[in-house]
2 protein chains.
Amino acid sequence: MLLARRASPANFAIIYGMLGSAEDTMAGQFSNSMHSENCLTCKNRHADWFCNLSPQALSEYDALGMHMVVPSGSTLFFEGQAPRGISVLCAGHVKLTTSSKDGKTLLVRIAKPGDVLGLSAALLDTPYEITAQAIDPVQIKSFQRQDFLRFLERHIEGSMHAAKMLNDEYRNALNDAIRLALSASISGRVARLFLEMTAGHDHPNSHFTLSLTHENLASMLGTTRESVTRVLNEMKRKKIITIKGTLVTILRKDTLELLL
Amino acid sequence: MLLARRASPANFAIIYGMLGSAEDTMAGQFSNSMHSENCLTCKNRHADWFCNLSPQALSEYDALGMHMVVPSGSTLFFEGQAPRGISVLCAGHVKLTTSSKDGKTLLVRIAKPGDVLGLSAALLDTPYEITAQAIDPVQIKSFQRQDFLRFLERHIEGSMHAAKMLNDEYRNALNDAIRLALSASISGRVARLFLEMTAGHDHPNSHFTLSLTHENLASMLGTTRESVTRVLNEMKRKKIITIKGTLVTILRKDTLELLL
DNA sequence: ATAAGATTGTGATGGTCATCACGTCGGACT
DNA sequence: AGTCCGACGTGATGACCATCACAATCTTAT
């Protein structure tokens, strides 16, 4: 099994065992995943990932960062913490959330491979605005804040990619705000979310996989678990959608659009 | 009176008279405002504005863009339009909104001098995500999309500034989403907004100017004009805040924080 | 000064949804 | 098999707020 090189002293050591839940299941869980410790030979790199760089830049990038593996359930960083570094997600998914003091949580988004974590906090050098928790076994390439910023300053392609990433984050956050503000009813918010999911280039048309619990959905929609359950069942009852496992199919897109 | 050089053919001509309301009042309304047509000699430039550039970059920047003046009330661009260019705001304020088909509107933010308008749409080359309407007489420096992008690619300081601007937009949108999602009650959202306003570096402590109508506030808070009126009066009645004209004073910050 | 329009104030009413409470289901581990 | 635990389903109730309707101010134009 591929094990990550150790993190730079004190910088990322914290992330191991933060939640303590999954350490004992680490052995073997990466055994058959396709991944590489070397960005130059990495097969997973994709056109619109941050790490899609020219050979020279890529080799500097590779040398600068630390390859790491994080078990599912671990928290990479918490809202409010001082920024410790920047990570580019190579594999796995990370849940990004913010919470209020009374325990309510907003699920901001699920980060996918290619995304950059902690970019905003690092640029502003202010505390993390969100909490990042691995929901799969995750591989990341980690950088010291200053290393990463200097890399951006040296490589225009890097800073253009960073701008693209920030732009994506902006659009996503704006979408969240729009969904919450412009659809007063819960069914409207669900409809909007589902239409966004199909608009995204997942499946060609009217179905997509939704691996979120009702609790998670509620937390994206600013509502409660019970209300999500009710709305979803109502939609199924009215044959607007069907749900089989994690696969959601939209049967009547026009009806969904009426709910906005 | 300083008049803008004419816009490049067909590109910005549209913005004049879009709303048709203010053209006849243009004469004289800028007569005593401090501004310059030349970025190199412009006294208004500020450290964290986009146009805070090194002398070489600045002179290229100045040559590349078109200085323009837009009357209050005009719309610079509409949500859904193909991006026509990028503008850096030199003076005045611009209201940024999105709307749903049924007329509900989300006030995303009020752009201030130094902000870049249309950056996200230009980077992605997708339709504007928001509508931009001048609420003051506004001066802008306008660029063709390609010119601006090439400028960014040539000048690392430019792309770093662009990243900073996008980051600000991201943080702002995220804040909007948080306000809407984590504070269920209207009073909670008002409280959150007011605490944000004081946290911002306006006045040192517990008061700030609020030049928004109740209608505008409602549109930032995802609620109605009437509810805003009621909550504001309730807060005044309970001596949590006072409002004199546009000046809001927070009397009991702790009580506001309880409402979140 | 007066009219016209925008903004703010306020009551009444009905619907939507948060909350609480509990029941059901299905997978994981022993 | 049985237990445990997280996820899902569902009813009852009351609070909060959107909506409608209209009155009272405050602004601006002519």
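Residues numbered from 1 in each chain as written. Chains lettered and ligands numbered in written order. Predicted model: local features only at pLDDT ≥ 70, side-chain atom pairs only at ≥ 80, totals over all residues. Heavy atoms only, no water.

Draft legend 1. Spotlight on the overall build of chain A. Scanning chain A for helices and strands turns up eight helices and eleven strands. The buried share of chain A, taken over its 260 residues, is 50%. Taking the contacts inside chain A whose residues are at least 6 apart along the sequence as the reference set, 70% of them involve residues at least 24 apart. By element, 55% of the accessible surface of chain A is carried by carbon and sulfur atoms, the whole surface being about 11600 Å². (Helix = DSSP H or I, 4+ residues; strand = E, 2+ residues; numbered from the N terminus. Buried < 20%, exposed > 50% of the residue type's maximum accessible area, 1.4 Å probe, protein only. Contact = heavy atoms within 4.5 Å. Areas by Shrake-Rupley, 256 points an atom, 1.4 Å probe, with all protein chains shown as cover.)

Draft legend 2. Structural detail: the protein's contact with DNA strand C. In the vicinity of DNA strand C there are 14 residues, among which Ile 186, Thr 223 and Ser 227 of chain A together with His 214 and Arg 225 of chain B approach most closely. Protein-adjacent atoms of DNA strand C, using a 4 Å cutoff, are sugar or phosphate at a proportion of 51%. In the model, a phosphate oxygen of DNA strand C is placed 2.8 Å from a nitrogen or oxygen of the Ile 186 of chain A main chain. Contact distances for DNA strand C include 2.8 Å between a base nitrogen and a side-chain N or O atom of Arg 225 of chain B. It is helix α7 (residues 225-237) of chain B that contributes the most residues to the surface near DNA strand C, five residues altogether. In terms of residue class, the surface near DNA strand C is built from one nonpolar, eight polar and five charged. (Near = heavy atom within 4 Å. Polar contact = N/O pair within 3.5 Å; in protein donor to acceptor, adjacent residues only side chain to side chain. Nonpolar A, V, L, I, M, F, W, Y, C, P; charged D, E, K, R; others polar.)

Draft legend 3. Structural view of the protein's contact with DNA strand D. Around DNA strand D, the structure places 14 residues, and the nearest of them are His 214 and Arg 225 of chain A together with Ile 186, Thr 223 and Ser 227 of chain B. Sugar and phosphate atoms represent 50% of those atoms of DNA strand D found within 4 Å of the protein. Taking Arg 230 of chain B, its side chain carries an N or O atom lying 3.0 Å from a base oxygen of DNA strand D. Sorting the residues of the surface near DNA strand D by element identifies α7 (225-237) of chain A together with α7 of chain B as the ones contributing at least two each. In terms of residue count, α7 of chain A provides more of the surface near DNA strand D than any other element does, five residues in total. For the surface near DNA strand D, the class distribution of residues is one nonpolar, eight polar and five charged.

Draft legend 4. Quick peek at the confidence of the model for chain A. The predicted model of chain A has a mean per-residue pLDDT of 84, with 84% of residues at 70 or higher. Note on residues 1-34 of chain A: pLDDT under 50 across the span, and 61 contacts to partners over four residues away in sequence or across chains. (pLDDT = per-residue confidence, 0-100.)

Draft legend 5. Spotlight on the nonpolar core. By size, the foremost hydrophobic cluster in this structure holds 52 residues, and its most contacted members are Leu 76, Val 94 and Leu 96 of chain A together with Leu 76, Val 94 and Leu 96 of chain B. If we ignore the near neighbours within four places in the chain, the residues touching Val 94 of chain A are Leu 89, Arg 109, Ile 110, Ala 111, Leu 117, Ala 132, Gln 133, Ala 134, Ile 135 and Val 138 of chain A. Grouped together as the second largest cluster of nonpolar side chains are 46 residues, Cys 39 and Met 165 of chain A together with Phe 151 and Ala 162 of chain B included. (Core = buried A, V, L, I, M, F, W, Y, C linked by side-chain atoms within 4.5 Å.)

Draft legend 6. A look at the relation of the copies chain A and chain B. The two copies are related by a screw motion: chain A maps onto chain B through a turn of 180° and a shift of 0.0 Å along the axis, at an RMSD of 0.1 Å. The superposition operator between the copies reduces to a two-fold rotation axis. Both copies share a contact surface, since 100% of the interface residues of chain A are interface residues in chain B too. (Least-squares fit on C-alpha atoms with pLDDT ≥ 70 in both.)

Draft legend 7. Representation of the sheet that holds strand β4 (residues 94-99) of chain A within the structure. Residue and element names in this part refer to chain A. In spatial order, the strands read β2-β7-β4-β5; together these four strands make up an open sheet with antiparallel pairing. The sheet is open, and its two borders are formed by β2 (75-77) and β5 (105-111), each paired with just one other strand. On average, each strand axis in the sheet is inclined to that of its neighbour by 30°, with strand direction left out of account. Its contacts with the sheet place helix α6 (residues 214-221) against β4 and β5, and it is angled at close to 105° to β5. (Pairing = 2+ DSSP bridges. Axes fitted to C-alpha atoms, helices over the stretch in contact; angles between N-to-C directions.)

Draft legend 8. Looking closely at helix α6 (residues 214-221) of chain B. Residues and elements named next belong to chain B. With six of eight residues buried, α6 is to be regarded as a mostly interior element. All of the buried residues along α6 are Asn 216, Leu 217, Ala 218, Ser 219, Met 220 and Leu 221. Where α6 is buried, its residues meet β4 (94-99), β5 (105-111), α4 (156-182), α5 (186-199) and α7. Of the residues flanking the end of α6, it is Gly 222, one or two places downstream, whose phi is positive at about 65°.

Draft legend 9. Molecular detail of the pairing of β4 of chain B. Residues and elements named next belong to chain B. Pairing analysis gives six bridges linking β4 to β5, with the strands arranged antiparallel. Counterpart to Thr 98 in the pairing with β5 is Leu 106. Counted between consecutive antiparallel strands, the loop separating β4 from β5 contains five residues, among which Gly 103 sits at a positive phi close to 95°. Note that β4 and strand β7 (residues 131-134) share four bridges and pair antiparallel. Among the inter-strand pairings, Val 94 is bridged to a residue of β7, identified as Ala 134.

Draft legend 10. The interface of chain A and chain B, seen in detail. Listed per partner, the contact involves 41 residues of chain A and 41 residues of chain B. Of the roughly 3400 Å² buried between chain A and chain B, counting both surfaces, carbon and sulfur atoms make up 69%. A per-residue breakdown of the area chain A buries against chain B is headed by Tyr 170, Arg 171 and Leu 182 of chain A, which together make up 19% of the total. Between the two partners, chain A and chain B, sit two salt bridges. For the interface between chain A and chain B, the tally reads eleven residue pairs in polar contact (both at pLDDT 80 or more). Taken together, the elements giving at least two residues each to the side of chain A that touches chain B come down to β4, β5, α2 (119-124), α3 (145-154) and α4 (156-182) of chain A. (Buried area = accessible area lost by both parts, 1.4 Å probe. Salt bridge = Lys/Arg side-chain N within 4 Å of Asp/Glu carboxyl O.)

Draft legend 11. Representation of the environment of Ser 185 of chain A in the model. All names here are of chain A. Here Ser 185 is to be found in the loop between α4 and α5 (186-199). Each C-alpha atom, one on Ser 185 and one on Leu 259, is 8.4 Å from the other, the two residues being 74 residues apart in sequence. There is a polar contact of 3.3 Å between the side chain of Ser 185 and the side chain of Ser 187.

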